[in-house]
Amino acid sequence: MTVEKIVESTVNSIRAAGLVQLEVSARHVHLDRAAVEALFGQGYQLHPKRELSQPGQFLEEERVDVIGPKGTFANVAVLGPERKAVQVEVSRSDAFVLGIDPPVRQSGDIAGSAGVTIKGPKGEITIESGAIVALRHVHITPEDAELLGLVDNQVVSVEALTDRPVVFSDTVIRVSPKFRTRMHVDFDEANAANISGFVLGRIIK
């Protein structure tokens, strides 16, 4: 059996068993066009550094400072491509350092969320809302969702298969043909379950 066939067989077995790779999402920001220009200069274009696991998403070369009433995080990652609205994703521990109280939300649901100041090399902006703690979620392809009997926005639990196993309840399933099947947790959640490197989780319906 070729290496490609072995890998394909292993991946198919993982999918059929209802297992998903867990990835840790560190604090980061998403910027809109106006924010990019305010922070980096008129007409500025962000520079992709490397692709992320989700197709079409990437880490930018640029970094910014995120400033709250009590603290600051310097050199925070900027993720692309540009969005329609500015969004800042932090963990609960990050929020304590910043001195803000962001709600736990799905990405894009930022109405009435927390405000922060974002500083770049050419200027800074203050957003009245946009900072959230991301609700843990599983990105999943339609094919994998059908295989596992899952639907978009379904809420499941996922057991992290580590030496410090934790069952993450209230995990939202997000189905799209644009996705690659992965679960995202923040650093607080990853530390609780000792998630590091390649880790799988078992989806529990």
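Everything quoted here is computed from the prediction, not taken from an experiment.

K.L.:
Pulling in residues and values, what's your account of the overall build of the protein?
P.N.:
Looking only at helices and strands, one finds five helices and 14 strands in the protein. Its C-alpha atoms give the protein a radius of gyration of 18 Å, near enough to 17 Å, the size a compact globule of 205 residues would have. Across the 205 residues that make up the protein, the buried fraction comes to 46%. Once local pairs closer than 6 in sequence are excluded, the contacts in the protein between residues at least 24 apart make up 66%. Carbon and sulfur atoms provide 52% of the accessible area of the protein, an area that totals close to 10,600 Å². Of the charged side chains in the protein, 22 are positive and 27 negative, and the gap between their average positions amounts to 1 Å.

K.L.:
Could you give me a rundown of the side chain of threonine 162, with the residues and numbers involved?
P.N.:
Along the polypeptide, threonine 162 turns up in the loop between strand E11 (155–160) and strand E12 (166–175). Among the polar contacts listed, one links the side chain of threonine 162 to the backbone nitrogen of arginine 164, at a separation of 3.0 Å. Among the polar contacts listed, one links the side chain of threonine 162 to the backbone oxygen of alanine 193, at a separation of 2.6 Å. Those residues in contact with threonine 162 that sit more than four places away from it in its chain are Ala193, Asn194, Ile195 and Val199.

K.L.:
Talk me through the environment of proline 55; I want residue IDs and the actual numbers.
P.N.:
One can find proline 55 in the loop between strand E3 (48–51) and strand E4 (58–67). We classify proline 55 as partly exposed; its relative accessible area is 34%. Separated by 125 residues in sequence, proline 55 and arginine 180 have C-alpha atoms that sit 6.9 Å apart. If sequence neighbours within four positions are ignored, proline 55 has contacts with Lys178, Phe179 and Arg180.

K.L.:
How would you explain empty space enclosed by the protein if you had to name every residue and give the values?
P.N.:
Within the structure shown, the criterion is met by one cavity of 30 Å³ or more. In this structure, the largest cavity spans a volume of roughly 30 Å³. Lining the largest cavity, in full, are Arg15, Leu19, Ile140, Asp144, Leu148, Thr181 and Ile203. Across the lining of the largest cavity, the residue classes break down as four nonpolar, one polar and two charged.

K.L.:
An account of the layout of surface pockets is needed here, citing residue identities and associated values.
P.N.:
Quantified by volume, the largest pocket comes out at close to 1,000 Å³. His28, His30, Leu52, Leu79 and His184 are, among the 45 residues lining the largest pocket, the residues nearest its centre. Of all elements in the fold, only strand E1 (19–24), strand E2 (28–30), E4, strand E5 (72–80), strand E10 (137–140), strand E13 (182–185) and helix H5 (187–193) reach the threshold of two or more residues within the lining of the largest pocket. Sort the elements by how many residues they give to the lining of the largest pocket and E5 lands first, with six residues.

K.L.:
Talk me through the pattern of salt bridges; I want residue IDs and the actual numbers.
P.N.:
Throughout the structure, instances matching the rule amount to eight salt bridges. Linking glutamate 189 and arginine 136 is a salt bridge whose minimum nitrogen-to-oxygen distance equals 2.8 Å. Of this pair, glutamate 189 sits in helix H5 while arginine 136 sits in the loop between strand E9 (124–134) and E10, and the two are 53 residues apart along the sequence. Glutamate 189 sits in the buried class, given a relative accessible area of 12%.

K.L.:
Could you give me a rundown of the nonpolar core, with the residues and numbers involved?
P.N.:
Formed by 24 residues in total, the largest nonpolar core has its most connected members in Val29, Leu31, Val64, Val88, Val116 and Ile118. Within the residue set of this core, elements represented by two or more residues are helix H2 (33–40), E4, E5, helix H3 (92–98), strand E8 (114–119) and E9. The biggest single contributor to this core is H2, with four residues. For valine 64, the residues in contact, after removing those within four places along its chain, are Val29, Leu39, Phe40, Phe73, Ala74, Asn75, Val76, Val78, Ile118 and Lys119. In this structure, Leu22, Ala145, Leu150 and Phe168 belong to the second largest nonpolar core, which totals 19 residues.

K.L.:
Could you give an account of the environment of alanine 192, with specific residues and numbers?
P.N.:
Positionally, alanine 192 belongs in helix H5. Owing to a relative accessible area of 35%, alanine 192 belongs among the partly exposed residues under this scheme. Counting along the chain gives 28 residues from alanine 192 to arginine 164, while the straight-line C-alpha distance between them is 7.8 Å. Apart from residues lying up to four places away in sequence, alanine 192 is in contact with Arg164 and Val166.

Conventions adopted
- Residues numbered from 1 in each chain as written.
- Predicted model: local features only at pLDDT ≥ 70, side-chain atom pairs only at ≥ 80, totals over all residues.
- Heavy atoms only, no water.
- Helix = DSSP H or I, 4+ residues; strand = E, 2+ residues; numbered from the N terminus.
- Rg over C-alpha atoms; globule rule 2.2 N^0.38 Å.
- Buried < 20%, exposed > 50% of the residue type's maximum accessible area, 1.4 Å probe, protein only.
- Contact = heavy atoms within 4.5 Å.
- Areas by Shrake-Rupley, 256 points an atom, 1.4 Å probe, with all protein chains shown as cover.
- Lys, Arg positive; Asp, Glu negative; His and termini not counted.
- Charge placed at Lys NZ, Arg CZ, Asp CG, Glu CD.
- Polar contact = N/O pair within 3.5 Å; in protein donor to acceptor, adjacent residues only side chain to side chain.
- 1 Å grid on protein atoms, 1.4 Å probe; cavity = no way out; pocket = protein on both sides within 12 Å on 5 of 7 lines; lining within 4 Å.
- Points joined across faces, edges and corners; volume = space filled by probe spheres on them.
- Nonpolar A, V, L, I, M, F, W, Y, C, P; charged D, E, K, R; others polar.
- Salt bridge = Lys/Arg side-chain N within 4 Å of Asp/Glu carboxyl O.
- Core = buried A, V, L, I, M, F, W, Y, C linked by side-chain atoms within 4.5 Å.

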